[in-house]
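Geometric and topological summary
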Amino acid sequence: MKLDAYRTWDDERARRLIEAVAHLPGALLPVLHSLQDEFGYIDDAAIPLITDALNVSRAEVVGVIHFYHDFRTAPPGRHTLRVCRAESCQSMGSQALAAHIEERLGTPMESTTADGEFTLENVYCLGNCALSPAVMLDGRLYGRVTPERVDALLAPALTATGGAA
Ligand code: FES
């Protein structure tokens, strides 16, 4: 999802989202997903709101956030590029593909470019193994991705920001 689709962090909005799902059994995961869907990440400021609403410890909340790879603790870039690193994609060249992307964007996997345009994330199976290697750009899935194809996928955003295409 593009960052434009996310709201800027807002304590009051976060409190309302937490209250909306706090009654669910095992509410912690739905709460965290709801916050990330809204803001693109889970701000530190969410933790006391969650501990109060769900009567759980800070350690429990932080532990769950760090256990699940999908939760972010910092705002993502305007575009999120996920590269599958699971077995099928690895066997079809995802390591070299990731290295190409890192070089192309000048930032390592699991980071955001200095201009805030791209966040690069490793994922472990996008459910597209028959078309390995797979990537997901802003929520859209692509298969049989070569370095040339990924350059073509990135080109519109790089052109728009003046990056080298
Ligand atoms: S291993 Fe990459 S999509 Fe399944």
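Above this text is the structure in question.
An account of the accompanying structure is given in this report. (Residues numbered from 1 in each chain as written. Predicted model: local features only at pLDDT ≥ 70, side-chain atom pairs only at ≥ 80, totals over all residues. Heavy atoms only, no water.)

1. A look at the nonpolar core
Cut-off, in case you're wondering: Think of a nonpolar core as a cluster: buried Ala, Val, Leu, Ile, Met, Phe, Trp, Tyr and Cys residues, connected wherever their side-chain atoms sit within 4.5 Å. Working definition: with a 1.4 Å probe on protein chains only, accessible area under 20% of the residue-type maximum means buried, over 50% means exposed, and in between means partly exposed. Numbering goes from the N terminus for both helices and strands, where a helix is a DSSP run of H or I of at least four residues and a strand is a run of E of at least two. A contact between two residues is defined here by any heavy atoms of the two lying within 4.5 Å.
Core analysis: the biggest nonpolar cluster contains 22 residues, and Leu32, Leu35 and Ile50 have the highest contact counts within it. When residues of this core are traced back to their parent elements, those giving at least two are helix 1 (11-21), helix 2 (28-39), helix 3 (46-54) and helix 4 (58-67). The contacts of Leu35, once residues within four sequence positions are left out, are Trp9, Ala14, Leu17, Ile18, Gly40, Tyr41, Ile42, Ala46 and Ile50. With 18 residues, the next largest nonpolar core counts Leu105, Tyr142, Leu154 and Ala157 among its residues.

2. Comments concerning the packing of aromatic side chains
In plain terms, the rule: Working definition: a ring pair exists when centres of Phe, Tyr or Trp rings (six-membered ring for Trp) sit within 6.5 Å. Plane angles under 30 degrees give stacked, over 60 give edge-to-face, the rest tilted.
Counted according to the given criterion, the structure contains 4 aromatic pairs. Consider the rings of Trp9 and Phe39, whose centres lie 4.4 Å apart with planes at 50°: the pair is tilted. Of the two residues, Trp9 is situated in the segment before helix 1 and Phe39 in helix 2; the sequence distance between them amounts to 30 residues. For the pair formed by Trp9 and Phe39, the shared burial category is buried. Geometrically, the ring pair formed by Tyr68 and Phe71 is edge-to-face, given 6.2 Å between the ring centres and 80° between the ring planes.

3. Description of the packing of helix 2 against helix 3
The angle between the axes and the distance between the axes are what describe a pair of packed helices. Test applied: With axes taken as lines fitted to C-alpha atoms, and helix axes fitted only over the stretch in contact, angles between N-to-C directions fall between 0 and 180 degrees. Handedness of a crossing follows from how the near helix is turned relative to the far one, being left-handed for an anticlockwise turn of less than a right angle and right-handed for a clockwise one. Residues are grouped as follows: Ala, Val, Leu, Ile, Met, Phe, Trp, Tyr, Cys and Pro are nonpolar; Asp, Glu, Lys and Arg are charged; all remaining types, including Gly, are polar.
Between helix 2 and helix 3, the shortest axis-to-axis distance is 11 Å and the interhelical angle comes to 145°. As helix 2 runs across helix 3, the sense of the crossing is right-handed. Residues Leu28, Val31, Leu32 and Leu35 of helix 2 form the contact with helix 3, whose own contacting residues are Ala46, Ile50 and Leu54. Considered class by class, the residues forming the contact of helix 2 with helix 3 number 7 nonpolar, no polar and no charged.

4. Focus: helix 3
Ala46, Ile47, Leu49, Ile50, Thr51 and Leu54 are the residues of helix 3 that are buried. Looking at the buried side of helix 3, the elements it contacts are helix 1, helix 2 and helix 4. At the exit of helix 3 stands Asn55, carrying a positive phi of roughly 55°.

5. With respect to the sheet that holds strand 1 (residues 79-84)
Test applied: Strand pairing is defined by DSSP finding a minimum of two bridges between the two strands.
Ordered by their spatial adjacency, 5 strands build an open sheet running 2-3-1-4-5, and the pairing between neighbours is mixed. Of all the strands in the sheet, just strand 2 (111-112) and strand 5 (140-142) have a single pairing partner and so form its edges. Of the pairings in the sheet, the one linking strand 1 to strand 4 (residues 135-137) comprises 3 bridges and is antiparallel in character. Considered in strand 4, the bridge of Arg82 is made with Met136. Taken strand by strand, helix 6 (residues 94-105) contacts strand 1, strand 3 (118-123) and strand 4, and its axis lies near 155° from that of strand 1.

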